[in-house]
Amino acid sequence: GENVEQHPSTLSVQEGDSAVIKCTYSDSASNYFPWYKQELGKRPQLIIDIRSNVGEKKDQRIAVTLNKTAKHFSLHITETQPEDSAVYFCAMNGGSQGNLIFGKGTKLSVKP
Amino acid sequence: DTEVTQTPKHLVMGMTNKKSLKCEQHMGHRAMYWYKQKAKKPPELMFVYSYEKLSINESVPSRFSPECPNSSLLNLHLHALQPEDSALYLCASSHLRQTPAGTDTQYFGPGTRLTVL
């Protein structure tokens with residue numbers, strides 16, 4: 001079935017360093033790839049998304065790249081700050097109803 | 001306004017109780033979703049409503065009964081739950097536009113943290 005693999009499951013970086021999280025998928029029909037940030041006890045919050053007609057998108061310190069041929073997409077956070085610490089989920093659209101299939105999440109810790 | 005609201009924020013119920021979770025959005029979205037999230041796990045899809053009709057039921061036990069009374073409201077009726085049903089229940093909504101460039105953004109509510117005793 002449709003599946004998205006996310007790596008790494010945990011990531012610890014020093015403040016100011018960059019963080020990269022990668023997801024791979026199997027369904028060629030998927031064309032929408034959002035990233036959500038979830039802080040403890042809170043809702044998943046959309047931080048950036050990319051659609052299949054572009055290869056890269058950037059919003060300040062956050063960027064996402066998409067390689068449709070290789071079926072992977074990545075989240076890049078530059079100049080990390082302690083408030084970036086959270087669990088990050090990649091996702092992709094799973095069908096015509098717009099439902100999302102999530103990766104297993106990456107717990108990012110940014111040490112001051 | 002990109003807000004999805006959910007009530008209650010917390011709910012504790014016994015296995016014989018009947019309760020309901022509520023979700024509301026006023027963004028004109030015609031797709032609404034229920035997800036279940038256990039601790040340290042990703043959200044798992046339960047139900048999808050499209051134009052107020054149930055379009056996806058991910059083999060959810062009948063003790064969970066969804067309802068979409070109108071385009072802004074989504075309910076989840078709970079009856080005879082089990083302790084393993086304790087989780088964060090998230091509602092989400094989106095437009096139903098399908099284009100070659102992908103589906104529309106999905107917005108999540110704050111969730112209801114459910115504890116079944």
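Up top you'll find the structure we're talking about.
(A) Examining the pairing of strand S6 (residues 53–57) of chain B more closely. All names here are of chain B. Two strands pair when backbone bridges link them, and strand S5 (residues 44–50) and S6 are joined in this way by 4 bridges, in the antiparallel orientation. Note on S6: the bridge partner recorded for Tyr49 is Leu54. Connecting S5 to the antiparallel partner S6 that follows it, the hairpin turn spans 2 residues, and Tyr51 within it adopts a positive phi of roughly 50°.

(B) Representation of the sheet that holds strand S8 (residues 72–77) of chain A within the structure. Residues and elements named next belong to chain A. Pairing in this open sheet of 5 strands is antiparallel, and the strands run S1-S3-S8-S7-S6 from one edge to the other. Strands with a single pairing partner mark the edges of an open sheet, and in this sheet they are strand S1 (4–7) and strand S6 (56–59). Taken over all neighbouring pairs, the strand axes of this sheet differ in orientation by 15° on average, direction set aside. Of the strand pairs in this sheet, strand S7 (residues 62–67) and S8 are connected by 6 bridges, and their pairing is antiparallel. From the neighbouring strand, Asn67 faces S8, where its bridge partner is His72.

(C) Just empty space enclosed by the protein, in detail. Residue and element names in this part refer to chain B. Applying the stated criterion across every chain, the model contains 1 cavity of 30 Å³ or more. Its volume calculated, the largest cavity comes out at about 30 Å³. Lining the largest cavity are His29, Arg30, Ala31, Met32, Tyr49, Tyr51, Glu52, Cys68 and Ser71.

(D) Spatial organisation of the environment of Leu46(A). Summarising the element assignment, Leu46(A) is placed in strand S5 (residues 45–51). Separated by 66 residues in the primary sequence, Leu46(A) and Pro112(A) place their C-alpha atoms 25 Å from one another. When sequence neighbours within four positions are dropped, the list of residues in contact with Leu46(A) reads Tyr32(A), Pro34(A), Trp35(A), Tyr36(A) and Thr105(B).

The rules we used
Residues numbered from 1 in each chain as written. Chains lettered and ligands numbered in written order. Predicted model: local features only at pLDDT ≥ 70, side-chain atom pairs only at ≥ 80, totals over all residues. Heavy atoms only, no water. Pairing = 2+ DSSP bridges. Helix = DSSP H or I, 4+ residues; strand = E, 2+ residues; numbered from the N terminus. Axes fitted to C-alpha atoms, helices over the stretch in contact; angles between N-to-C directions. 1 Å grid on protein atoms, 1.4 Å probe; cavity = no way out; pocket = protein on both sides within 12 Å on 5 of 7 lines; lining within 4 Å. Points joined across faces, edges and corners; volume = space filled by probe spheres on them. Contact = heavy atoms within 4.5 Å.

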